[in-house]
Amino acid sequence: MADKVLMKGNEAIAEAAIKAGCRHYFGYPITPQTEVAAYMAKRMPKIGGTFLQAESEIAAINMVYGVASAGLRVMTSSSSPGISLKGEGISYLAGADLPALVVNVQRGGPGLGGIQPSQSDYFQSTRGGGHGDYHMIVLAPSSVQEMAALTVKGFELADKYRMTAMVLADGTMGQMMEPVSLDFEVTPPPEKPWATTGTEMKRKHNIVNSLSLVPEELEKLNIARFERYELVKQNETMYEEYMMDDAEIAIAAFGIAARVSKNAVNEARKMGIKAGLIRPITLWPFPDAPFKKAATHVKEIISVELNMGQMIEDVRLASECKVKVSLCNRVGGMIPSPEQVLDAIVKASK
Amino acid sequence: MAKLTFRTDNCKGCGLCVDVCPKKVLQLAPDKINKRGHHPVEAARPDDCIGCGSCAIMCPDFIIKVER
Amino acid sequence: MIVYDKPHALLDVPLHYCPGCLHGVVHKLVAEVIDELGIEGKTIGIAPVGCSVMAYDYFACDMIEAAHGRAPAVATGVKRADPSKVVFTYQGDGDLASIGMAETVHAAARNENITVIFINNAIYGMTGGQMAPTSLVGQVTQTSPYGRDPKLCGYPIRVCELLSELEGPEYLERVTVNSIPHIRAAKKAIKKAFMNQIEGKGFSLIEVVSSCPTNWGMTPQNALKWIEEKMLPYYPLGVYKDRSNGEVK
């Protein structure tokens, strides 16, 4: 078994990125993700990489755009208000079909909100976040180990599908310390013949671009992009099912909410209530299949979220309204307790 | 002897080359219209050209080649 | 002997610019410099939103289109990905001095080793002639229909002077391209800006006072005169910073 080290979630993301071959990080300070930047600032110069504190989130994401254009693995990280600023750049990355990794360690909003954990950027991340028709691959870790593993996975998927992957964590996941193994098999980046690395006078010039003024052409580009998204849906959808085989009550939860919910499921089982948990690991693409299946045998699905009810819409869509779907939530930086979730399970079971 | 060649199709007829020519060699062809719908430049007095290249340097659409 | 022909670093395609627009002249100068330095194969150009956003169809080197104002940040990424490459941005006044002012100032402050070609024609061309951060006091545009009123919207920004206050940048020069001698001087400046990057000296910005006959509402010929009579008194030509030579205007 590989050696484990005790790390904060934010640091695990940073070290995993380095393991994945990322040598360029651009960011701007914002709580509760600043440890990612601080870690990179220490490590990058020692391994011949680049850490640069940008003048803004907007500049940071555009520096990412530059490195991605040059064909290298690159990342930025931020928290909710900063991600809004990056929205423009993320849309341009999508329009130019550039691979990149963006980390969002969410905090409560809207506006400046607070600095405590939240999952209120679910809509923003799963629907794209910026202007235009596009998606990001959204990965939702639920442990420090997953913070690291999904960071590596994010780089690999970004390269594979030429799109932005987002690790969508929250303040708790970022600040939490757990033992983590950083012993990963990393798929190296593919050849990128489209990258703007200079023609060397050997080929026609490459163009990285999201502008397309001919509507017929722009339509084709959008359709082709969504055909690629279909492949992502088919090949990369990830989720965990816990005690779902005979479940009568299902919990839907991701990230920190899933950890809390797992405790509640265990307590419910002790009380003789057949509860189970479906934990989406990819929020986009959303795992429809386990919810569709659950709808055939559970009497209620409870969506546990740190927001006013965002993922619940996808749960309803996935279960095709064949079963009651309810919300159990806290917001503003508050986290539902296992007791709160257990109460919801007990109520649903009656 | 200087020689002028024009990428006539790309000329937008702005006339900047005409004005900058020290020998008044060029004119916008009054009786010709190119594919873009402009009166393109032509050498009205080619024998006067001294091959200084000013017209080509001034032309925003690099339509003039100057040889000497 | 060829006195002048299309530079190799420009593709043989028609430009979309209006008749008499000086963008083409500056494109040529950049391409001539790329040819003369033999760097086409390792040059990456970045053109953000503005009239020159489609420059990627014109230059023969690798090209990137960028979001409005963000070219210096994108260039920072490209250059840091591989410092052996030559990276230039080609930006207009709205792009560089309004929406992208932060990116401009900070790239200069970092002395980012890139070359910035800044076209100042005192107007937003692509969107049809709105007031730019460099529009002159009294200048009539679509969004200053009674003339730019400094009480309402302040004064035009002199970018070279502003950046010259920074410790960071290596080279700042303002040139124009409204006459043959000025074009020759502009080329010299642009060449120096590329040379500085190749020599690792850092951030060089060449501000080119240019024209927009269409949106200024005048003939190309009168636009050249307007540069001389109206623009240059407010935007004096010259070197504003040449750090390696200890020169600060």
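Nothing here was measured: the structure is a model prediction, and the numbers come from that model.

Thresholds applied
Residues numbered from 1 in each chain as written. Chains lettered and ligands numbered in written order. Predicted model: local features only at pLDDT ≥ 70, side-chain atom pairs only at ≥ 80, totals over all residues. Heavy atoms only, no water. Helix = DSSP H or I, 4+ residues; strand = E, 2+ residues; numbered from the N terminus. Rg over C-alpha atoms; globule rule 2.2 N^0.38 Å. Buried < 20%, exposed > 50% of the residue type's maximum accessible area, 1.4 Å probe, protein only. Contact = heavy atoms within 4.5 Å. Areas by Shrake-Rupley, 256 points an atom, 1.4 Å probe, with all protein chains shown as cover. Lys, Arg positive; Asp, Glu negative; His and termini not counted. Charge placed at Lys NZ, Arg CZ, Asp CG, Glu CD. Buried area = accessible area lost by both parts, 1.4 Å probe. Polar contact = N/O pair within 3.5 Å; in protein donor to acceptor, adjacent residues only side chain to side chain. Pairing = 2+ DSSP bridges. Axes fitted to C-alpha atoms, helices over the stretch in contact; angles between N-to-C directions. Salt bridge = Lys/Arg side-chain N within 4 Å of Asp/Glu carboxyl O. Right-handed = clockwise from strand over helix to strand, strands pointing away. Parallel < 35°, antiparallel > 145°, perpendicular 65-115°, else oblique. Left-handed = near helix turned anticlockwise from the far one by under 90°. Nonpolar A, V, L, I, M, F, W, Y, C, P; charged D, E, K, R; others polar. Core = buried A, V, L, I, M, F, W, Y, C linked by side-chain atoms within 4.5 Å. Domains from an automatic or database assignment.

Asks: How should the overall build of chain B be read in this particular structure?
Replies: For chain B, the helix and strand inventory stands at two helices and four strands. Tracing chain B from N to C terminus, the helices and strands come up as β-α-β-β-α-β. Computed over the C-alpha atoms, the radius of gyration of chain B is 11 Å, within 12% of the 11 Å expected from 2.2 N^0.38 for a compact globule of 68 residues. When its C-alpha atoms are laid out on the principal axes, chain B stretches across 30 × 20 × 20 Å. Scored against the burial criterion, the 68 residues of chain B give a buried share of 50%. Sequence-distant contacts, at least 24 apart, represent 54% of the contacts inside chain B between residues at least 6 apart. A total of about 3,300 Å² of accessible surface is found on chain B, and carbon and sulfur atoms cover 51% of it.

Asks: Teacher, can you tell me more about the overall build of chain A here?
Replies: A count of helices and strands for chain A gives 12 helices and 15 strands. With the C-alpha coordinates of chain A rotated into their principal frame, the extents come out at 75 × 50 × 45 Å. Taking all 350 residues of chain A together, 59% fall into the buried category. Restricting to contacts in chain A with at least 6 residues of sequence separation, those with at least 24 account for 79%. Accessible area for chain A stands at about 14,000 Å²; split by element, carbon and sulfur atoms hold 54% of it. Distance between charge centres in chain A, computed from 37 positive and 39 negative side chains, equals 2 Å.

Asks: Sorry, what's going on with the arrangement of the chains here?
Replies: Looking across the two pairs of chains in contact, one finds the most contacts between chains A and C. Structurally, chain A and chain B remain out of contact, their C-alpha atoms never closer than 20 Å.

Asks: Help me understand the interface of chain A and chain C in this model?
Replies: In this complex, chain A contributes 34 residues to the contact, which on the side of chain C involves 35 residues. Surface buried jointly by chain A and chain C totals about 2,600 Å² across both partners, of which 60% is contributed by carbon and sulfur atoms. Where chain A meets chain C, there are 18 residue pairs in polar contact (both at pLDDT 80 or more). Put simply, the parts of the chain that give the side of chain A that touches chain C at least two residues each are strand S2 (24-27), strand S3 (50-53), helix H3 (57-69), helix H4 (80-95) and strand S9 (207-208) of chain A.

Asks: Sorry, what's going on with the sheet that holds strand S12 (residues 275-280) of chain A here?
Replies: All names here are of chain A. Reading across from one edge, S10-S12-S11-S14-S15 is the order of the five strands in this open sheet, with mixed pairing throughout. Of all the strands in the sheet, just strand S10 (239-242) and strand S15 (324-329) have a single pairing partner and so form its edges. With strand direction ignored, the average angle separating the axes of adjacent strands in the sheet is 20°. Summarising the sheet, S10 and S12 pair through four bridges and their orientation is antiparallel. Note that in S12 the partner of glutamate 240 across the bridge is arginine 279. In the packing of helix H11 (residues 311-318) onto the sheet, the strands contacted are strand S11 (249-252), S12, strand S14 (300-305) and S15, and the crossing angle to S14 comes to about 155°.

Asks: Would you mind showing me how to read the pattern of salt bridges here?
Replies: If charged atoms from side chains of opposite charge come close, those side chains can pair. Per the counting criterion, the structure on display carries 42 salt bridges over all chains. In this structure, arginine 127 of chain A engages aspartate 314 of chain A in a salt bridge whose closest nitrogen and oxygen atoms are separated by 2.9 Å. Placement of arginine 127 of chain A in the loop between helix H5 (122-126) and strand S6 (137-139) and of aspartate 314 of chain A in helix H11 is noted, with a sequence separation of 187 residues between them. Of the residues examined, arginine 127 of chain A reaches a relative accessible area of 38% and is grouped as partly exposed. Given the relative accessible area of 9%, aspartate 314 of chain A is considered buried. Here lysine 187 of chain C and glutamate 36 of chain C are joined by a salt bridge, their closest N and O atoms 2.5 Å apart. Of this pair, lysine 187 of chain C sits in helix H7 (residues 180-198) while glutamate 36 of chain C sits in helix H1 (residues 23-37), placing them 151 residues apart in sequence. Here the residues in one salt-bridge network are Glu55 of chain A together with Arg80, Arg110 and Glu112 of chain C, joined through shared partners.

Asks: Sorry if this is basic, but what is going on with the pairing of strand S5 (residues 100-106) of chain A here?
Replies: On any regular strand, side chains alternate: one points to one face of the sheet, the next to the other face. Residue and element names in this part refer to chain A. Counting buried residues in S5 gives seven out of seven residues, a clear majority hidden from the surface. Residues Ala100, Val102, Asn104 and Gln106 of S5 are buried on one face, and the alternating residues Leu101, Val103 and Val105, pointing to the opposite face, are buried as well. The handedness of the strand S4 (residues 74-78) to S5 crossover, carried by H4, is right-handed. Summarising the sheet, S5 and strand S7 (residues 164-170) pair through seven bridges and their orientation is parallel. Bridge pairing in S7 places leucine 101 opposite alanine 165.

Asks: Explain the packing of H3 of chain A against H4 of chain A here, please?
Replies: When two helices pack together, their arrangement is given by the angle between the helix axes and by the axis-to-axis distance. Residues and elements named next belong to chain A. Two elements in contact, H3 and H4, have axes separated by 8 Å at closest approach and are oriented at 25°. The angle between the axes of H3 and H4 places the two elements in the roughly parallel class. As for the relative orientation of H3 and H4, their crossing is right-handed in sense. Contacts from Glu57, Ile58, Ala60, Ile61, Asn62, Tyr65 and Ala68 in H3 reach Gly82, Leu85, Lys86, Glu88, Gly89, Ile90, Tyr92 and Leu93 in H4.

Asks: Sorry if this is basic, but what is going on with the interface of chain B and chain C here?
Replies: Interfaces are often sized by the amount of accessible area the parts lose when they come together. At the junction of the two partners, chain B supplies 26 residues and chain C supplies 30 residues. Interface of chain B and chain C: buried area, both sides summed, is about 2,300 Å²; carbon and sulfur atoms make up 61% of it. Where chain B packs against chain C, one counts two salt bridges. Linking aspartate 12 of chain C and arginine 7 of chain B is a salt bridge whose minimum nitrogen-to-oxygen distance equals 3.0 Å. The tally of links between chain B and chain C comes to 12 residue pairs in polar contact (both at pLDDT 80 or more). Every element with two or more residues in the side of chain B that touches chain C is listed here: helix H1 (16-20), helix H2 (54-58) and strand S4 (64-67) of chain B. Of the residues contributing to the side of chain B that touches chain C, the split by class is 12 nonpolar, six polar and eight charged.

Asks: So what exactly am I meant to see when it comes to unusual backbone geometry here?
Replies: Glycine aside, residues mostly have negative phi angles, and peptide bonds mostly take the trans form. Residues and elements named next belong to chain A. A cis amide bond links glycine 109 to the next residue, proline 110, at an omega of 0°. With respect to the helices, strands and loops of the structure, proline 110 is situated in the loop between S5 and H5. Here tryptophan 284 and proline 285 are connected by a cis peptide whose omega angle stands at 0°. Examined against the element boundaries, proline 285 turns out to sit in the loop between strand S13 (282-284) and helix H10 (288-294). Of note in the backbone geometry, glutamate 320 takes a positive phi value of approximately 50° without being a glycine. With respect to the helices, strands and loops of the structure, glutamate 320 is situated in the loop between H11 and S15.

Asks: Explain the sheet that holds strand S1 (residues 2-4) of chain C here, please?
Replies: Pairing between the strands of a sheet is mediated by backbone hydrogen bonds and can be parallel or antiparallel. A sheet is described by the order of its strands in space; here three strands give the open sequence S1(B)-S4(B)-S1(C), paired in antiparallel fashion. For this open sheet the edge positions go to strand S1 (3-6) of chain B together with S1 of chain C, each flanked by a neighbour on one side alone. Averaged over all pairs of adjacent strands, the angle between strand axes in this sheet comes to 30°, irrespective of strand direction. Two strands pair when backbone bridges link them, and S1 of chain B and S4 of chain B are joined in this way by four bridges, in the antiparallel orientation. Looking across to S4 of chain B, one finds that lysine 3 of chain B is bridged to glutamate 67 of chain B.

Asks: Would you mind going over the nonpolar core with me for this structure?
Replies: What tends to happen in soluble globular proteins is that the nonpolar side chains get buried as a cluster. By size, the foremost hydrophobic cluster in this structure holds 143 residues, and its most contacted members are Met75 and Ile345 of chain A together with Leu205 of chain C. No other element matches helix H6 (residues 144-161) of chain A, which puts nine residues into this core. No fewer than three residues from each of domain 1 (4-236) and domain 2 (240-349) of chain A sit in this core. Those residues within four positions of methionine 75 of chain A in sequence are excluded, and the remaining contacts are Ile13, Ala17, Cys22, His24, Tyr25, Phe26, Val36, Met40, Val64, Leu101, Val103 and Phe155 of chain A. Counting residues in hydrophobic clusters, the runner-up holds 76 residues, among them Cys11, Cys14 and Cys17 of chain B together with Ile183 of chain C.

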